[in-house]
Amino acid sequence: AVTGTIRQRPQVKILEGAKGVFSLNKRWRTLAMQPNNPKEIVWFGSLEELQSQFEGVLIKNYKVWNEQKIKIKELIGSSKYELDFAEKYQSKYHQFRHLPKRYAVNFDFGIFGNQVAICQLKKRPFALLIESQDIADNLKQLFHLAWKGAVKIKTTPKV
């Protein structure tokens, strides 16, 4: 006999096209403004690709998340654009690390509370949204392992 509690099935949604990716970002900005919002976002992906395909969405996200004092950790690529971008937006609440070039990432992956998002940005964009605390917690552990092995962003002291 199997004992123990039955875990709730994850909710899975596919958000189609560029509209789907925009709606995911809007959803996470809205979640950030809720009274009992999650206090950490982890993200793994290509800032350059997101910014080129969905210009301005990152800045909108950062503004809301910083206002809500949500800690953000982003693992990014190592292009000059991404390193310069990270240096500009790194703050008390927002940390970046980058992956060596041999570990290029072709999709975006983020975790916010019990929500896991996997986004394809090139060609036919879409976002896959999984709502499951168990899945989010386990994937966050994998993220933190990768974080430990990633390269810290060198920052120039701001005057």
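Presented here is a report on the structure given in the accompanying data block. Counting starts from 1 at the beginning of each chain's written sequence and moves along it residue by residue. Given that the model is predicted, a residue must reach a pLDDT of at least 70 before its local features are reported, and side-chain atom pairs must reach 80 or more before they are shown or counted; all residues, however, enter totals for whole chains, interfaces and linings. With hydrogens and water set aside, each side-chain value is computed from the structure's full complement of heavy atoms.

## What about the environment of Phe109?
Convention followed: By the criteria applied, helices consist of DSSP H or I runs no shorter than four residues and strands consist of E runs no shorter than two, each listed in order from the N terminus. Two residues qualify as a contact provided that any one of their heavy atoms is within 4.5 Å of a heavy atom in the partner residue.
You can see Phe109 is positioned in strand β5 (residues 108–112). Measuring from C-alpha to C-alpha, the distance between Phe109 and Trp43 comes to 5.8 Å, with 66 residues separating the pair along the chain. With residues up to four places along the chain from it excluded, the contact list for Phe109 reads Val42, Trp43, Phe44, Val116, Ala117, Ile118 and Leu139.

## Considering helix α5 (residues 133–149)
The periodicity of an α-helix, 3.6 residues per turn, causes residues three or four places apart in sequence to face the same way. What counts here: Given a helix with a known number of residues, its expected span is that number minus one, times 1.5 Å. With a 1.4 Å probe rolled over the protein chains alone, any residue whose accessible area is under 20% of its type maximum counts as buried; one over 50% counts as exposed, and the rest are partly exposed. Note that the arc is computed from the directions linking the helix axis to the C-beta atoms.
Between its first and last C-alpha atoms α5 spans 25 Å; for 17 residues at 1.5 Å apiece the expected length is 24 Å, and the two agree. Listing the buried residues of α5 in full gives Ala136, Lys140, Phe143 and Trp147. Projection of α5 onto a plane perpendicular to its axis shows the buried side chains occupying an angular sector of 60°, all on one side. Along α5, exposed side chains directed more than 90 degrees from the buried face belong to Gln141, Leu142, Leu145, Lys148 and Gly149. On the buried face of α5, the contacting elements are β2 (40–44), β3 (71–76), β4 (94–98), β5 and β6 (115–120).

## Structural notes on unusual backbone geometry
The backbone of Lys69 sits at a positive phi, close to 60°, despite the residue not being glycine. Residue Lys123 is not a glycine yet carries a positive backbone phi of 50°. With respect to the helices and strands, the residue Lys123 is situated in the loop between β6 and β7 (126–131). In this structure Lys123 comes out as exposed when scored by relative accessible area, which is 80%.

## Side note on empty space enclosed by the protein
Inclusion rule: Space inside and on the surface of the protein is sampled on a 1 Å grid over the protein atoms alone, with a cavity defined as a set of points where a 1.4 Å probe fits but cannot get out and a pocket as an open set with protein on both sides within 12 Å along at least 5 of 7 lines; lining residues have an atom within 4 Å of a point. Grid points are joined across faces, edges and corners, and a volume is the space filled by probe spheres set on the points.
Under the counting rule described, the total for this entry stands at one cavity of 30 Å³ or more. Space inside the largest cavity adds up to approximately 60 Å³. What lines the largest cavity is simply Asn25, Trp43, Leu50, Leu58, Asn61, Tyr62, Trp65, Ile72 and Glu74. Elements with a minimum of two residues in the lining of the largest cavity: α3 (57–67) and β3. Broken down by element, the lining of the largest cavity gets its largest block of residues, four residues, from α3.

## Structural notes on the packing of aromatic side chains
Note the threshold: Two rings from Phe, Tyr or Trp (for Trp, the six-membered ring) form a pair when their centres are within 6.5 Å of each other. A pair whose planes differ by under 30 degrees is stacked, one over 60 is edge-to-face, and the rest are tilted.
This structure, assessed with the given rule, holds nine aromatic pairs. Ring geometry for Phe143 versus Trp147: centroids 5.9 Å apart, planes at 25°, classification stacked. Taken together, the positions of Phe143 and Trp147, both in helix α5 and four residues apart, correspond to about one turn of that helix. Here Phe143 matches Trp147 in class, with each residue buried.

## With respect to a positive patch on the surface
Definition in use: Patch rule: a residue counts if its relative accessible area is over 30% and it has no salt bridge; like charges are joined within 9 Å, and nonpolar side chains (Val, Leu, Ile, Met, Phe, Trp, Tyr) within 5 Å. Using a 1.4 Å probe, accessible areas were evaluated by the Shrake-Rupley method; residue-level cover was limited to the displayed protein chains. Any carboxyl oxygen of Asp or Glu that lies within 4 Å of a side-chain nitrogen of Lys or Arg is treated as forming a salt bridge with it. Under the convention used here, Asp and Glu are negative, Lys and Arg are positive, and both His and the chain ends fall outside the count. A single reference atom marks each charge: NZ on Lys, CZ on Arg, CG on Asp, CD on Glu.
The grouping of Lys39, Lys69, Lys71 and Lys92 at the surface amounts to a positive patch. Tracing the backbone shows Lys69 in the loop between α3 and β3.

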